[in-house]
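Next come the chains, spelled out residue by residue.
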Amino acid sequence: QVQLVESGGGLVQAGGSLRLSCAASGSTFSLGAIAWYHQAPGKRRELVASFRSDGSTSYADSVEGRFTISGDSTLKTVTLQMDGLKPEDTGVYYCAAGGGWFPSDYDYWGQGIQVTVSP
């Protein structure tokens, strides 16, 4: 089992920055990737960025060039640096992890953390 805890959310003005962290504990040796998801109010959860155990990353088109995901091969801590925030980035951000590299492999989820971007 793996436990995920998010931190770093809050309120920021448009154009500002926030840094989210996902701390993994438990059987982290079994993980292949950690990802961040965004759920805007009234919308479904969407993949924002993922970090794989080989150091490779991927991003949604909506955040490419503004957000940066980083970590190390242990996947015990993965951070999401969010710059140039927009009001549409508002919502709950979830950390997810699994043994594989793909969203279908994400078996573990954090409780979510609120990010609010004011106009």
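One can find the structure itself at the top, above this paragraph.
These notes cover the structure that comes with them.

Calculation criteria
Residues numbered from 1 in each chain as written. Predicted model: local features only at pLDDT ≥ 70, side-chain atom pairs only at ≥ 80, totals over all residues. Heavy atoms only, no water. Helix = DSSP H or I, 4+ residues; strand = E, 2+ residues; numbered from the N terminus. Rg over C-alpha atoms; globule rule 2.2 N^0.38 Å. Buried < 20%, exposed > 50% of the residue type's maximum accessible area, 1.4 Å probe, protein only. Contact = heavy atoms within 4.5 Å. Phe/Tyr/Trp six-rings, centres within 6.5 Å; stacked < 30°, edge-to-face > 60°. Lys NZ or Arg CZ within 6 Å of the ring centre and 35° of its normal. Core = buried A, V, L, I, M, F, W, Y, C linked by side-chain atoms within 4.5 Å.

1. What to know about the overall build of the protein
Item 1. Along the protein, the regular secondary structure elements total zero helices and eleven strands.
Item 2. For the protein, the succession of helices and strands along the chain, N to C, is β-β-β-β-β-β-β-β-β-β-β.
Item 3. For 119 residues, the compact-globule estimate of 2.2 N^0.38 gives 14 Å, and the protein sits close to it at 13 Å.
Item 4. Scored against the burial criterion, the 119 residues of the protein give a buried share of 44%.
Item 5. When contacts within the protein are restricted to residue pairs at least 6 apart in sequence, long-range pairs at least 24 apart make up 56% of them.

2. Describing the packing of aromatic side chains
Item 1. Applying the stated criterion across every chain yields a total of two aromatic pairs.
Item 2. Ring centres 6.2 Å apart and planes at 90 degrees place the aromatic pair Y37 and Y106 in the edge-to-face group. In this pair, Y37 sits in strand β4 (residues 33–39) while Y106 sits in strand β10 (residues 106–109), placing the two residues 69 residues apart along the sequence.
Item 3. The side chain of R45 reaches across the aromatic face of Y94, ending 3.7 Å from its centre.
Item 4. Stacked on the ring of W109, the Lys or Arg R45 has its end atom at 4.9 Å from the ring centre.

3. Overview of the nonpolar core
Item 1. Core analysis: the biggest nonpolar cluster contains 29 residues, and I34, W36, L80, M82 and Y93 have the highest contact counts within it.
Item 2. Breaking this core down by element, the ones donating at least two residues are β1 (2–7), β3 (18–26), β4, β5 (46–52), β7 (67–70), β8 (77–82), β9 (91–98) and β11 (113–118).
Item 3. At four residues, the largest contribution of residues to this core is made by β3.
Item 4. Beyond its immediate chain neighbours, meaning those up to four positions away, M82 contacts G16, S17, L18, L20, R66, F67, Y93 and V115.
Item 5. A33, Y37, Y94 and Y106 belong to the second-largest nonpolar core, a separate cluster that totals six residues.

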